[in-house]
Amino acid sequence: MTLKRPNFLRRWLGEHARVCVAAFGRQWRDPISTLLTAMVIGLTLALPAGLNLLVENLRQAAGGLNQTRTITVFLRDGASEAEGRELAAMLGRRDAFAAAIYTSRDQALKDFRARTDLGPVLDALGSNPLPASITLTPHPLQHASDLGRLAQELRARKDVEQVLLDDAWSQRLSAALAVATRLAQLLAAALALAAVLALGNTVRLDIEARRDEIIVMKLIGAPPGFIRRPFLYAGFWYGVSGGVVATVALFVAMHAMDEPVQQLVALYEGAFSLRGPDARTLAGVLVAGALLGLVGAWLGVARHLGRIEQR
């Protein structure tokens, strides 16, 4: 008869699976305490995630307005239509611009008459006072500083009378979104610290409830990792539960905000719909919850198990 060598990896994995399932079952049997802890972690995750989602929606809305971030080049009266079209074609081939549209003086006059009631005033002038122009639409990813440099380059041309760069609103919006993003990061850090402290206190209560069991395990020589393992898995499940709560809160908030946002957009005759959290965001929320749970449990276990050893 030959003895089989024990498979230590299988035993190790089996032990972890047993403790993980046992920790989940223990929390399932105490739903009130589990729900309260999960809500603390869930709100910790939902607030910064919701703010970040709001910023991303604002970026999406600003992307729809990106076509208004244009450079308008007004040509001198001496520039012919052929020269203007040639300049527009040359600018349109540059990587910085997505489109270059030439508008002749006659077309500018027709557009002005169609959009205003000042046609008789123009007729009284006797000649067309409107210049030819080229409207340049930059690529969405084009940086504002690059556009300013391009505008200065165009102003130096002899056939250009004036260059208007309509990007002030874009710079203000970008700065505001950058502030909101940094605020979300600071809020996430502060709330994560609060969640870790709250979870450490929850683990402390679990340790106190199982004090006699821990003392017995120490007396029979159980290693620290064996004693620590159930509490770490408890923290893991608290964190995952908090991630689920945060996910539900995000979808509820999106549903509550959808109708007011649509009414606001309708007032501006726009078309925009709130974009909910994608799979990557949801996965990030769940992973962040699990990490917060593990960190909080680890700190709580390291602190309170040490106290039991000293007594």
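Parameters and conventions
Residues numbered from 1 in each chain as written. Predicted model: local features only at pLDDT ≥ 70, side-chain atom pairs only at ≥ 80, totals over all residues. Heavy atoms only, no water. Helix = DSSP H or I, 4+ residues; strand = E, 2+ residues; numbered from the N terminus. Buried < 20%, exposed > 50% of the residue type's maximum accessible area, 1.4 Å probe, protein only. Contact = heavy atoms within 4.5 Å. Areas by Shrake-Rupley, 256 points an atom, 1.4 Å probe, with all protein chains shown as cover. Salt bridge = Lys/Arg side-chain N within 4 Å of Asp/Glu carboxyl O. Phe/Tyr/Trp six-rings, centres within 6.5 Å; stacked < 30°, edge-to-face > 60°. Lys NZ or Arg CZ within 6 Å of the ring centre and 35° of its normal. Pairing = 2+ DSSP bridges. Axes fitted to C-alpha atoms, helices over the stretch in contact; angles between N-to-C directions. Core = buried A, V, L, I, M, F, W, Y, C linked by side-chain atoms within 4.5 Å.

A word on the overall build of the chain
Part 1: The helix and strand tally for the chain stands at ten helices and four strands.
Part 2: The order of helices and strands in the chain, counted from the N terminus, is α-α-β-α-β-α-α-β-α-β-α-α-α-α.
Part 3: Within the chain, the fraction of its 311 residues that count as buried is 35%.
Part 4: Partitioning the contacts of the chain with sequence separation of at least 6, the portion at a separation of at least 24 is 82%.
Part 5: About 19,400 Å² of surface is accessible on the chain, with carbon and sulfur atoms providing 63% of the total.

Structural notes on the pattern of salt bridges
Part 1: Inspection of every chain in the model, using the stated rule, returns six salt bridges.
Part 2: In this structure, glutamate 15 engages arginine 18 in a salt bridge whose closest nitrogen and oxygen atoms are separated by 2.6 Å. One end of the pair is glutamate 15 and the other is arginine 18, both in helix α1 (residues 8-28) and three residues apart, which spans about a single turn.
Part 3: The class for arginine 18 is partly exposed, based on a relative accessible area of 46%.
Part 4: A salt bridge links glutamate 81 to arginine 85; its shortest N-O distance comes to 2.9 Å. With glutamate 81 and arginine 85 both in helix α3 (residues 81-92) and four residues apart, the pair spans about one turn of that helix.

Digging into the environment of alanine 49
Part 1: Among the secondary structure elements, alanine 49 is positioned in helix α2 (residues 31-64).
Part 2: The spatial distance from the C-alpha of alanine 49 to the C-alpha of valine 285 is 7.7 Å, given a sequence separation of 236 residues.
Part 3: Beyond its immediate sequence surroundings of up to four residues, alanine 49 is in contact with Leu250 and Val285.

Brief notes about the packing of aromatic side chains
Part 1: Considering all chains together, one arrives at three aromatic pairs under this definition.
Part 2: Across from the ring centre of tryptophan 298, 4.9 Å away, lies the NZ or CZ of arginine 228, which sits over that ring.

A word on the sheet that holds strand β2 (residues 97-103)
Part 1: Strand order in the open sheet made by the four strands is β2-β3-β1-β4, with antiparallel pairing throughout. Only two strands of the sheet have a single neighbouring strand rather than two, namely β2 and β4 (160-165). Direction aside, the axes of adjacent strands within the sheet are offset by 15° on average.
Part 2: Across four bridges, strand β1 (residues 71-75) lies against strand β3 (residues 133-138) in antiparallel orientation. Note that in β3 the partner of isoleucine 71 across the bridge is leucine 136.

So, the side chain of threonine 103
Part 1: Examined against the element boundaries, threonine 103 turns out to sit in strand β2.
Part 2: Judged by its relative accessible area of 16%, threonine 103 falls in the buried class.
Part 3: Setting aside residues no more than four positions away along its own chain, threonine 103 makes contact with Ala108, Asp111, Ala132 and Ser133.

Structural notes on the pairing of β3
Part 1: Within β3, five of the six residues are buried, leaving the element largely enclosed by the surrounding structure.
Part 2: As paired elements, β2 and β3 share six bridges and run antiparallel to each other. Among the inter-strand pairings, tyrosine 102 is bridged to a residue of β3, identified as isoleucine 134.

A short note on the nonpolar core
Part 1: Among the nonpolar cores identified, the biggest contains 19 residues, and Ile71, Val73, Leu75, Ile134, Leu136, Leu154 and Val163 are the most heavily contacted of them.
Part 2: Elements with a contribution of two residues or more to this core: β1, α3, β2, β3, α6 (144-155) and β4.
Part 3: With four residues, the top contributor of residues to this core is α6.
Part 4: Ignoring any residue separated from it by four or fewer positions in sequence, one finds leucine 136 in contact with Thr70, Ile71, Val73, Leu91, Phe97, Ala99, Ala100 and Leu154.
Part 5: Core analysis: the next-biggest nonpolar cluster, separate from the first, contains 14 residues, Ala49, Ala195, Val196 and Tyr238 among them.

A look at the side chain of arginine 229
Part 1: Inspection of the secondary structure puts arginine 229 in helix α9 (residues 224-267).
Part 2: Arginine 229 has contacts with Glu15, His16 and Val19, leaving out every residue within four places of it along the chain.

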